[in-house]
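Residue-level structural notes
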Amino acid sequence: MAPGEKIKTKIKKNLPVTGPQAPTIKELMRWYCLNTNTHGCRRIVVSRGRLRRLLWIGFTLTAVALILWQCALLVFSFYTVSVSIKVHFRKLDFPAVTICNINPYKYSTVRHFLADLEQETREALKSLYGFPESRKRREAESWSSISEGKQPRFSHRIPLLIFDQDEKGKARDFFTGRKRKVGGSIIHKASNVMHIESKQVVGFQLCSNDTSDCATYTFSSGINAIQEWYKLHYMNIMAQVPLEKKINMSYSAEELLVTCFFDGVSCDARNFTLFHHPMHGNCYTFNNRENETILSTSMGGSEYGLQVILYINEEEYNPFLVSSTGAKVIIHRQDEYPFVEDVGTEIETAMVTSIGMHLTESFKLSEPYSQCTEDGSDVPIRNIYNAAYSLQICLHSCFQTKMVEKCGCAQYSQPLPPAANYCNYQQHPNWMYCYYQLHRAFVQEELGCQSVCKEACSFKEWTLTTSLAQWPSVVSEKWLLPVLTWDQGRQINKKLKKTDLAKLLIFYKDLNQRSIMESPANSIEMLLSNFGGQLGLWMSCSVVCVIEIIEVFFIDFFSIIARRQWQKAKEWWARKQAPPCPEAPRSPQGQDNPALDIDNDLPTFNSALHLPPALGTQVPGTPPPKYNTLRLERAFSNQLTDTQMLDEL
Amino acid sequence: MLLHISPAYFKLLHGFLPWIMPTNGNLGDKNFQMGKPGHREGATMHVKKYLLKGLHRLQKGPGYTYKELLVWYCDNTNTHGPKRIICEGPKKKAMWFLLTLLFASLVCWQWGIFIRTYLSWEVSVSLSVGFKTMDFPAVTICNASPFKYSKIKHLLKDLDELMEAVLERILAPELSHASATRNLNFSIWNHTPLVLIDERNPHHPMVLDLFGDNHNGLTSSSASEKICNAQGCKMAMRLCSLNGTQCTFRNFTSATQAVTEWYVLQATNIFAQVPQQELVEMSYPSEQMILACLFGAEPCNYRNFTSIFYPHYGNCYIFNWGMTEKALPSANPGTEFGLKLILDIGQEDYVPFLASTAGVRLMLHEQRSYPFIRDEGIYAMSGTETSIGVLVDKLQRMGEPYSPCTVNGSEVPVQNFYSDYNTTYSIQACLRSCFQDHMIRNCNCGHYLYPLPRGEKYCNNRDFPDWAHCYSDLQMSVAQRETCIGMCKESCNDTQYKMTISMADWPSEASEDWIFHVLSQERDQSTNITLSRKGIVKLNIYFQEFNYRTIEESAANNIVWLLSNLGGQFGFWMGGSVLCLIEFGEIIIDFVWITIIKLVALAKSLRQRRAQASYTGPPPTVAELVEAHTNFGFQPDMAPRSPNTGPYPSEQALPIPGTPPPNYDSLRLQPLDVIESDSEGDAI
């Protein structure tokens, strides 16, 4: 034989082109059911009687359906989270503490900007409510005389109006006393929440450029109206003042902080970093990262926390802008922006405010478990704050960006986006109207900010327990106040009073950190093992069965059909071409295969065991033992080569 | 088939047995080496037979070669993959072989993950919120001032005079010369003086003793030079040890802090020398402090309070501590069912330099636990009504190995000094005990603010002149705190009381008059008003609508979880179970057996070959060999062969003489017991 032929036959022998296990689909099914590893199928074939067979078919199908259903449930509930709460006892990082005076600027330094406004506000109050200037501001009289006879600048731009409920669409301008016709929409600041019974309401009108489109804002109480009105003008004025000047006009750290004590060690103004807030002036942050390493406490209790005494000079308060006295404290993360207006604990004067903290840390899982963002990079809003992402930052940034887009200028109480200016009348005469419209749209979620912004995935939260006590006590105030005055030294030239001071204690109540962590409830391993459990429970099936099913139902099935079709086509062709000579069908080979099962019997002990030749063979002249047993052996040796092949494979 | 197996098997057995039972000699020989009496021989025969049977059964197994074994295993195992390896064509065989291997390794990998997860001892947490009847928390109340000034004045007289002189000196240096002639006790002062550090010249800071010129008799350079305020000068405390040779300065940025800290240090020193009983008497008595008490609908009074002396706050009173009597439950939420207290703090009698805050310090804590009121307490202000809604926040940990915590503190290597109060373990107690322990070790005396172990003394200037320096060092030492934090463990059951605090003015303008009258009448039996707004505090403590929140840990992965997941994985990939593992183990044992058998056979054949090489005579015939094995019933009879010769005429034609007949029925030659075992093996 030629070597090529040899190889060919060898290949043919080793890799016989065996088709499916059965010639027909029915045979295939029968073969599958008998040989499969799953349990139900076999019973269909072996059962006797139609009823039983039907029952078993039913059972098997039910089991398959159950498996599919349960596995679907498992897949759909894959992205669930389990929450674990852990409490660690450890050394804790002290949070950043931002302290602001409620009043933003010293009134004495800022008054020359606000003189006209103050004058007009007083007049408004006078004409609205008819009370004389009863405020006990020493200088008030002198100031009011200055702007006498001047054209009212502010109320001209935004007039304060009194509305009479009886006369729809009519309002009285209290400066001129003339009745004005009010067009456009009247927005009652409070009326959609509750009904106002009073006949007269106060409000102001905001108009766009051409004054044809006006919106009027009314308030149930004159206090709100005047404060809002004042605030609008105040923001407008302060927007034009440069930042350095504003910082100088506000309180210095030395002035605000009389004493400071942290973790048993003295600290002073140098431990605080300045943070200028547009509405609250100079704020000071303790334990900000910029300074040095983050301070931490290794003991709980008020001694080991931050103790500060603040100097709150009530005489320098702006009478119209703020109506409460004291300071605001915000406890936040070092890289977090302190939202002084939104969150913050207010501190009373002549009191010690003791704030005990508990730290809670939360970690959420991001996509696909929940809609949260790790660092805000996947939120399409530019962070205009110089701080880590938070939902609030996103909302404010979103609003500010929209404001710049729509109104062309930025709102004063939030940071400036790049290449934008704060709004003021000179450049943007109708910004206020624009702002109010935009603000309304924002509150009613029409701007889409709320849907774009996601919450942050991890956040730290300090739960506060605040309690108050009198400070200084009656007997200790006699010596305490002079010493504190001495401490302040040059900063102030007056004797401190009880009401000028506020004491603040911020401390960890204990060093337990509570962390709330979400973790995936399911892992891939769990899912697979649950699949395995389901498959095993209903049908004693495994991945192997699945492969079997694929093999039998998708490969063999179609190959049988294809073979059938091929044969039919061939027959048809042969009949057409040469009717006398039909070609032998190809099927015998497939039919042969079941017969091979007999060969698959175990090899015999003797043949399988390659023992050394028996001793007897060494006898010379022994004829080859050619008995009938040998013939049987040949069959086994054939088999043996087969198994050897397997080994080689 | 047996026909073929038996000779080889026999031979194998023949070679193998001597190895197993060396004393018995060759099996083939009927004559045993050791001549034994008849009955004994019979007994050994029985034992031997029995052993042989067992041996055969073991050896039989599923086959005698690795291949047979493998084929048998694949055919009969319950796992799904191997079955398919043997029953199909070579291509599929290869595929299935690889698939089986892949699945097996997947199963192993996943099992590893599960076992590791199990051994990480994770916990899952269950949270429950609701209302149930619970024990009302223990309420500790203290006055912010530890002592009544009128009673403790005599102890603090020297110190107060000194303090006043210091204040005068700080505030008005030029004036103080006039009053400096006062008789001051400078022994206290000299021990730890306050100094002014003049930093106006940053390169040469000057240290000035506040009284430097007075008691030393030295005249200061000039009074005017000493005038400096907080910006120019810093106050500091000089702490010296080793008879004043080694000094450190503790700096303060503010004079207020400096004098307060100094005063507290000195006062501590004084109080440490006074027996506690006297101190208790100088503090506020319960009947004066607690004016009215109502728990639920039941009236209570100062007798329901347990007194405890707390160095910072003097006498503190604990309501519902549960030490001697049963803890009181509260079955309803709301103010009406809680504790209502009216307290008098007597602000006028405060120690002026010791307490600058006026109010009541209070704390809610668990029954039988020590109140660390200085750390966890809150204030209640005088002239107000403070309402405190309580939510009990309980945390229950699993303990080792799930979370590192201790049930009763017995395994913590710190002696609990608070155990004298018969209180339960808490981490605060541990940290403080640890500090006191360090204090005693380093400074040889205990700090006044912490409890004292037996046989030790509180620190004071007289007995331990260096203590202030030592204490200050220790207090500032971060390493000390870290060691303590490292040693102390959390308690497994942790209860916190979350409070919602609200305040209102009390008494109101309208009711003020009669309330003060009634209270004065009750307390002092006087018709005049002896109380004032500044001294009176009202407290309401009650359960909120939801009064508990329990966080309970449970094992996230228990053994059932582990087993079901292992089963799931094995089932998913291979359709296997524990029995399959046992099958596999069985196969491995068989495998080892086959190896042993093969090795023995090899050794035997080697030995035989060597023996043959040395054997000079003619080789033994088959008949001889056979006879050597079994010599019964051996008849080399050629006659029965004749009927069989018909189909094989060619064989008969072979004219080789002397050939032994190889076609004898080997079955017949087999020893009886072997056949038996064979059939039994098949049956099995």
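Residues numbered from 1 in each chain as written. Chains lettered and ligands numbered in written order. Predicted model: local features only at pLDDT ≥ 70, side-chain atom pairs only at ≥ 80, totals over all residues. Heavy atoms only, no water.

For chain B, the name recorded in an unreviewed UniProt entry is Epithelial sodium channel subunit beta, with Pongo abelii as its organism. A UniProt comment under Sequence similarities (unreviewed entry) is attached to chain B, and it reads "Belongs to the amiloride-sensitive sodium channel (TC 1.A.6) family. SCNN1B subfamily." The record held by UniProt for chain B lists under Catalytic activity (unreviewed entry) the comment "Na(+)(in) = Na(+)(out)". (UniProt positions renumbered as here; feature names shortened; annotations may be inferred.)

Chain A appears in an unreviewed UniProt entry as Epithelial sodium channel subunit gamma from Pongo abelii. Under the heading Catalytic activity (unreviewed entry), UniProt records this for chain A: "Na(+)(in) = Na(+)(out)". According to its UniProt record, chain A has this under Sequence similarities (unreviewed entry): "Belongs to the amiloride-sensitive sodium channel (TC 1.A.6) family. SCNN1G subfamily."

Some details on the UniProt feature "transmembrane region" (unreviewed entry) in chain A
Residues and elements named next belong to chain A. The sites that carry the UniProt feature "transmembrane region" (unreviewed entry) are, in the present numbering, residues 54-79 and 535-561. In this annotation, residues 54-79 is assigned 88% helix and 0% strand; the end-to-end C-alpha distance for the span is 39 Å. Along residues 535-561 the backbone is 89% helical and 0% strand, and the end-to-end C-alpha distance reaches 30 Å. (Helix = DSSP H or I, 4+ residues; strand = E, 2+ residues; numbered from the N terminus.)

Some points on the environment of B:Trp506
Residues and elements named next belong to chain B. Following the sequence through the fold, tryptophan 506 ends up in the loop between strand 19 (493-505) and helix 18 (509-524). Look at tryptophan 506 and you get buried, because its relative accessible area is 10%. Distance in space between the C-alpha atoms of tryptophan 506 and histidine 517 is 15 Å, their sequence separation being 11 residues. Discounting residues that sit within four places of it in the chain, tryptophan 506 has contacts with Ile342, Gly383, Thr384, Glu385, Ile515, Arg533, Ile536 and Lys538. (Buried < 20%, exposed > 50% of the residue type's maximum accessible area, 1.4 Å probe, protein only. Contact = heavy atoms within 4.5 Å.)

Regarding the pattern of salt bridges
All names here are of chain B. For the coordinates displayed, the defined rule picks out 30 salt bridges over all chains. Measuring nitrogen to oxygen at the nearest pair gives 3.8 Å for the salt bridge that ties lysine 157 to glutamate 161. One end of the pair, lysine 157, and the other, glutamate 161, are both in helix 6 (residues 149-171), 4 residues apart, so they sit about a helical turn from each other. Residue glutamate 161 is classed as partly exposed on the basis of its relative accessible area of 24%. With its nearest N and O atoms 3.8 Å apart, the salt bridge here joins arginine 533 to aspartate 505. Separated by 28 residues along the polypeptide, arginine 533 in the loop between helix 18 and strand 20 (536-555) and aspartate 505 in strand 19 bring together distant segments of the chain. For aspartate 505, a relative accessible area of 61% translates into the label exposed. (Salt bridge = Lys/Arg side-chain N within 4 Å of Asp/Glu carboxyl O.)

Structural notes on the sheet that holds strand 3 (residues 138-143) of chain B
In sheet architecture, strand pairing relies on hydrogen bonds along the backbone and comes in two forms, parallel and antiparallel. All names here are of chain B. Read from one edge of the open sheet, 5 strands run 10-11-3-14-15, paired in antiparallel fashion. Of all the strands in the sheet, the pair left with one neighbour each is strand 10 (305-310) and strand 15 (378-380). The sheet shows a mean angle of 30° between the axes of neighbouring strands, direction not considered. By the bridge criterion, 6 bridges tie strand 10 to strand 11 (residues 314-319) in an arrangement that is antiparallel. In the strand pairing of strand 11, tyrosine 310 is matched with glycine 314. (Pairing = 2+ DSSP bridges. Axes fitted to C-alpha atoms, helices over the stretch in contact; angles between N-to-C directions.)

Some thoughts on a positive patch on the surface
Taken together, the side chains of A:Lys26, A:Arg30, A:Arg48 and A:Arg53 define a basic patch exposed on the protein surface. Its place among the elements puts A:Arg48 in the loop between helix 3 (39-46) and helix 4 (50-76). (Patch = residues over 30% accessible without salt bridge, like charges linked within 9 Å, V, L, I, M, F, W, Y side chains within 5 Å. Areas by Shrake-Rupley, 256 points an atom, 1.4 Å probe, with all protein chains shown as cover. Lys, Arg positive; Asp, Glu negative; His and termini not counted. Charge placed at Lys NZ, Arg CZ, Asp CG, Glu CD.)

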